[in-house]
Amino acid sequence: MEKPLTPFEEGQVLLIDKPYGWTSFQVVNKLKWKIRHTYKLSKLKIGHAGTLDPLATGLLIICTGKFTKRIAEFQAQEKEYTGTFVLGATTPCFDMEKPIDREFPTNHVTKELILETAKSFVGEQMQVPPIFSAVKIDGKRAYDYARQEQDVEIKAKPIFIKEFEVTRIEMPEVDFRIVCSKGTYIRSIARDFGEKLHSGAYLSALRRTKIGGFRVENSDNSMILE
């Protein structure tokens, strides 16, 4: 008689609030070890539906077992993020993982200019992903070229920004809420936001709050924190 499948082999959708400093891969590995150890499984299909950078927090959808077939479905859904841009400087990776490499004036940047610039991002557009990203170029990840300090061309990709709300302005910081399509890099929005202001900007905080109908408030981290 065949051993019945566990709920995780049958298929589960797990909502995790990814901790700061963790990679998405670390979350998947922790869950995989926990489930396999608990149920004495020799193997388990498991994967995430859209990565988050180590310095970002928020909603990570993890699929197990037969539900791994639904990963592409979840990845395609729109996302909501909140976070903070710091104006007047840039970093090579557009966030705080690398130190500031250039500084720019901000004396000309007004509240009105910030709000108008945010409005200009709403709609369809082409976006160039960061060099420090997992985008593939000739079969190799972009961040591999970046770490080797090799110059490569990254092609722009179509994205859609549904909402871009500025929620706080306290120079040099600008807090935001963005609803966007799959494949949108908020770090690239930081770069482009700074350029449109004729200044610079980088991302100092990022949190993913929604993926489709899934909300970070409904996440459960008990399995990765035990």
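A short tour of the structure in this document, coming up. (Residues numbered from 1 in each chain as written. Predicted model: local features only at pLDDT ≥ 70, side-chain atom pairs only at ≥ 80, totals over all residues. Heavy atoms only, no water.)

## Some points on the overall build of the chain
Secondary structure summary: the chain contains 7 helices and 13 strands in total. Evaluated residue by residue, the chain yields a buried proportion of 45% over its 226 residues. Counted over contacts in the chain with a minimum sequence separation of 6, partners at least 24 positions apart contribute 70%. Total accessible area computed for the chain in this model is approximately 12400 Å², and 52% of it derives from carbon and sulfur atoms. (Helix = DSSP H or I, 4+ residues; strand = E, 2+ residues; numbered from the N terminus. Buried < 20%, exposed > 50% of the residue type's maximum accessible area, 1.4 Å probe, protein only. Contact = heavy atoms within 4.5 Å. Areas by Shrake-Rupley, 256 points an atom, 1.4 Å probe, with all protein chains shown as cover.)

## Notes on helix H2 (residues 24-39)
With 16 residues, H2 should cover 22 Å at 1.5 Å per step; its first-to-last C-alpha distance of 23 Å lies within 8% of that length. Of all the positions in H2, only Ser24, Val27, Val28, Leu31, Lys34 and Ile35 are classed as buried. Looking straight down H2, one finds its buried side chains confined to an arc of 135°; they lie on one side. With respect to the buried face of H2, the exposed residues turned more than 90 degrees away are Phe25 and Trp33. On its buried side, H2 packs onto helix H1 (7-10), strand E1 (12-18), strand E2 (46-48), strand E3 (57-64) and helix H7 (222-225). Following H2 by one or two positions, Lys40 has its phi on the positive side, about 55°. (Expected span 1.5 Å × (residues − 1). Arc of directions from axis to C-beta.)

## What to know about the packing of aromatic side chains
One pass over the full model with this rule turns up 8 aromatic pairs. With a centroid separation of 5.9 Å and an interplanar angle of 35°, the aromatic rings of Phe121 and Phe193 are classed as tilted. A residue pair is termed long-range when its members are at least 10 positions apart, and Phe121 in the loop between helix H4 (111-120) and strand E7 (123-127) and Phe193 in helix H6 (residues 186-196) qualify at 72 residues. Here the two residues Phe121 and Phe193 agree in accessibility, since each one is buried. These aromatic residues form a ring-pair network of at least three members: Phe85, Phe121, Phe164, Phe176 and Phe193. (Phe/Tyr/Trp six-rings, centres within 6.5 Å; stacked < 30°, edge-to-face > 60°.)

## Overview of H4
Restricting attention to buried positions, one finds in H4 the residues Ile114, Thr117 and Ala118. Summarising the axial view, the buried residues of H4 lie within an arc of 100°, below the 170-degree limit, and thus occupy one face. Facing away from the buried surface of H4 by more than 90 degrees, the exposed residues are Glu112 and Lys119. On its buried face, H4 is in contact with strand E4 (79-87), strand E10 (157-170), strand E11 (173-180) and H6.

## Considering the pattern of salt bridges
All told, the structure shown has 14 salt bridges when counted by the stated rule. Arg177 is the salt-bridge partner of Glu80, the closest N and O atoms lying 3.0 Å from each other. Taken together, the positions of Glu80 in strand E4 and Arg177 in strand E11 put the pair 97 residues apart, joining distant regions of the chain. Judged on exposure class, the residue Glu80 and its partner Arg177 are both buried. The partner of Arg191 in a salt bridge is Asp192, and the shortest N-O contact between them spans 2.8 Å. Considered together, Arg191 and Asp192 belong to a single accessibility category, that of buried residues. Three or more residues joined by partner-sharing salt bridges are found here, namely Glu80, Glu163, Glu165 and Arg177. (Salt bridge = Lys/Arg side-chain N within 4 Å of Asp/Glu carboxyl O.)

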